[in-house]
Each structure stands twice: as C-alpha cells, then as structure tokens.
Amino acid sequence: MSAATRTWINGEVVTALPLPDRGLDYGDGLFETMPIIDGNIPWLSYHLERLHQGLQQLEFHSEAHSPVRDYIGTALDDCPVTGVMRLTLTRGTGMRGYAPPEPAWPTCIVQTSCADSAGQPALAPANVGLCSVTLAKQPLLAGIKHLNRLEQVLAARERQQKGLDEMLMTDTSGSAISVISGNIFLVKDNQLLTPTLADCGILGTRRRLVLDELAPALGLDCLQVTITAAEVASADEAFYCNSLRGYQPIGRYGDRRWRRYPTIERLQALYRERLLTCAA
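Source: prediction; values computed, not measured.

Caption draft 1: View of unusual backbone geometry. Going from L19 to P20, the amide bond is cis rather than trans, its omega being 0 degrees. As for its position among the elements, P20 is in the loop between β2 (12-14) and α1 (22-26). Along the chain, E102 connects to P103 via a cis peptide bond; the corresponding omega equals -5 degrees. Topologically, P103 is positioned in the loop between β4 (83-90) and β5 (107-114). In this structure, D38 is a non-glycine residue whose phi angle is positive, near 55 degrees. If you trace the backbone, D38 turns up in the loop between β3 (29-36) and α2 (44-57). For N190, which is not glycine, the phi torsion reads 65 degrees and is therefore positive. With respect to the helices and strands, the residue N190 is situated in the loop between β9 (183-188) and β10 (191-195).

Caption draft 2: Highlighting the packing of aromatic side chains. Per the counting criterion, the structure on display carries five aromatic pairs. Considering the side-chain rings of W43 and Y271, the 5.7 Å spacing of their centres and the 15 degrees angle between planes classify their relative orientation as stacked. Here Y271 lies in helix α7 (residues 262-279) and W43 lies in the loop between β3 and α2, a separation of 228 residues in the sequence. A relative accessible area of 9% means that W43 is categorised as buried.

Caption draft 3: Here's a closer look at the sheet that holds β5. What the five strands build is an open sheet, ordered β2-β1-β5-β4-β3; its pairing is antiparallel. Looking along the sheet, the strands with just one partner apiece sit at the ends: β2 and β3. Looking at each pair of strands side by side, their axes are set apart by 25 degrees on average, direction ignored. With three bridges connecting them, strand β1 (residues 6-9) and β2 associate as antiparallel partners. Following the sheet pairing, I9 is matched in β2 by E12. Relative to the sheet, helix α3 (residues 68-76) contacts β1, β3, β4 and β5, its axis offset from that of β4 by approximately 150 degrees.

Caption draft 4: Region of the structure containing helix α5 (residues 205-217). Compared with the 18 Å implied by 1.5 Å per residue over 13 residues, the 17 Å span of α5 between its first and last C-alpha is a close match. By the largest-angle criterion, L211 marks the main kink of α5, which is about 45 degrees. Turning to α5, its buried residues are T205, R206, R207, L209, V210, L214 and A215. The first or second residue beyond α5 is G219, which carries a positive phi of 70 degrees.

Caption draft 5: Quick look at the packing of α2 against α5. It is the contact of α2 with α5, at a shortest axis distance of 10 Å, that shows an interaxial angle of 115 degrees. By the criterion of interaxial angle, the relationship of α2 to α5 is roughly perpendicular. Regarding α2 and α5, the two cross each other, and that crossing is right-handed. Of α5, the residues touching α2 (which contributes Y46, H47, E49 and R50) are T205, R206, R208, L209, D212 and E213. Among the residues forming the contact of α2 with α5, the class breakdown is two nonpolar, two polar and six charged.

Caption draft 6: Fine view of the pattern of salt bridges. In this structure the tally under the stated criterion is seven salt bridges. Put simply, D28 and R22 hold a salt bridge, and the shortest N to O gap is 2.8 Å. A residue is classified by how much of its surface remains accessible, and R22, at 4% relative accessible area, is buried. Between E213 and R274 there is a salt bridge whose closest N-O contact spans 3.1 Å. Within this pair, whereas E213 is found in helix α5, its partner R274 is found in helix α7, the two being separated by 61 residues in sequence. Taking relative accessible area as the criterion, E213 reaches 25% and is therefore assigned partly exposed. Accessibility expressed as a relative area gives 27% for R274, which makes it partly exposed. It is possible to trace a salt-bridge network through shared partners that takes in R22, D28 and R91.

Analysis parameters
Residues numbered from 1 in each chain as written. Predicted model: local features only at pLDDT ≥ 70, side-chain atom pairs only at ≥ 80, totals over all residues. Heavy atoms only, no water. Helix = DSSP H or I, 4+ residues; strand = E, 2+ residues; numbered from the N terminus. Phe/Tyr/Trp six-rings, centres within 6.5 Å; stacked < 30°, edge-to-face > 60°. Buried < 20%, exposed > 50% of the residue type's maximum accessible area, 1.4 Å probe, protein only. Pairing = 2+ DSSP bridges. Axes fitted to C-alpha atoms, helices over the stretch in contact; angles between N-to-C directions. Contact = heavy atoms within 4.5 Å. Expected span 1.5 Å × (residues − 1). Bend = angle between axes of the 7 residues up to and from the residue. Parallel < 35°, antiparallel > 145°, perpendicular 65-115°, else oblique. Left-handed = near helix turned anticlockwise from the far one by under 90°. Nonpolar A, V, L, I, M, F, W, Y, C, P; charged D, E, K, R; others polar. Salt bridge = Lys/Arg side-chain N within 4 Å of Asp/Glu carboxyl O.

Listed below in structure tokens is the structure:
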C-alpha cells in the first residue's frame, strides 16, 4: 500500500487484509466510492442508503450496516482533508462453497487516499464511443453497487485501447444503460432523460441528486425512460456523472459533436454551489 493510502478493517488500522474472505472469493459484497472534501463526505446519506438497499437485496444480516457510519467517522478523523474514500462491505469469512455462512460476520474495509480534485464539478467535454461489451440483465442485482465489475474491467480495457475518455454501455437488448463509470443523461427539448435501470446498472448518487434536487431546482422535468444508443447522438446535450467527477458534458459521441452546453453549465453551477454547502 502506498504511504498516501490508509486502510481500516472494522475500525482498526491494518497493513494487510485477512483471508479467506467471500468478497475476494465470490464478489460477495458491496462498495461505495466517495469524495472527501474539507474533511466531509457530501451526500453521505445517499451512499449509505444505497449500501443499505444493497445489503437487503443480497440478504446480509439485518444489522450488517449498523457500525458502518462509525467506521467512516473513524477514518475521517485521520485522513486527508481532500481525497477519496472507498468503503467495501463483504459477507466475511466462511466455509468453502457458494452457500453463505450462517451466521455471517461482515467485514468492513475502509480505504482513504489523497486526491486533489475529488468531487470537482467543472470538467472538459469528453470523447465517448460505443462499447462492444454489453451489460447482462439481472434484476436481482440491478441498482446496487456490488463487487462484480468484470464487465466494467473489460470495457475500461477497450476504452484505453481506443484512446477515449469514456464509453457508452448498453444491455444485451441494445438499450443504453450508462458509461463505464457513471450514469448518463440526455437533454432533449428542455427535458432531462436518463435510462431506466430495472434490469442492470447502478443507481448512482449523483443521478439521484439530479432527480431529487437539481432538476427540480432548475425547473427541468427529468424522465426515466428506455434510451437506444442511436438516440444519444440526437440529443441537444448529453452528459454523465459520478460522485468523484461530478457532471461531465459529452463533447463527441461517434460522429456527433456538441459545442454548446447551456443546460449542463447551469447544472454544474448549481452542483458547485450545493457541493460547497454540503461539504461545509
């Protein structure tokens, strides 16, 4: 581990991870990646609520989430003022085999690292292409941030090979779902459109922020709909978002180029304002 990274397991500083662990063996767990700004995590409640929902979907012990906020607090007391926190919650140890142990004792891993630009909202327009890797449909896992991310690993390798900033990912039926590391939105006729995520994809915290706060504050209707990959190119504007990068406009998708981003600029300005207030 680098000197700039610290790791806690169940609230105690460690230099190595105990094995075996079902998170490594089977991807049996969840994670959250969160910016640290001025010693605080903006919209922490959104992250914890998604984590709790994931624990319910994976049928973890009903109290598995109870100590998580305390573990986060311990790490925040001794971490960079500005940086990134990764929280991983696994089902812990168990006997060999897929069947989860009863009872299961979850393992909570918190890692912090330095990052000067964590959570900054103003980013240059991205060059985005269509990814050949598709997302499998699995409603039981839809929405949650589970540890199985091989689809994104393969997609990220393709992105690197093609020299792009991001890639649009579709499901196996061809519906647009997200980019590799974020949720996608289109602007059409003064409306915001974002994919319905009933079968796959992650219910991102910054996606939720648009739906709950930012779109209403800007007087914009925001609809969750089925979107095809071709429809992205016909949008008036397009952008993607995640908790570390904020809201990033798409400047190019295939042959389509955008040069003006009036709605996204309003969104970025409001996000910057709310971000400073939330982190204070």
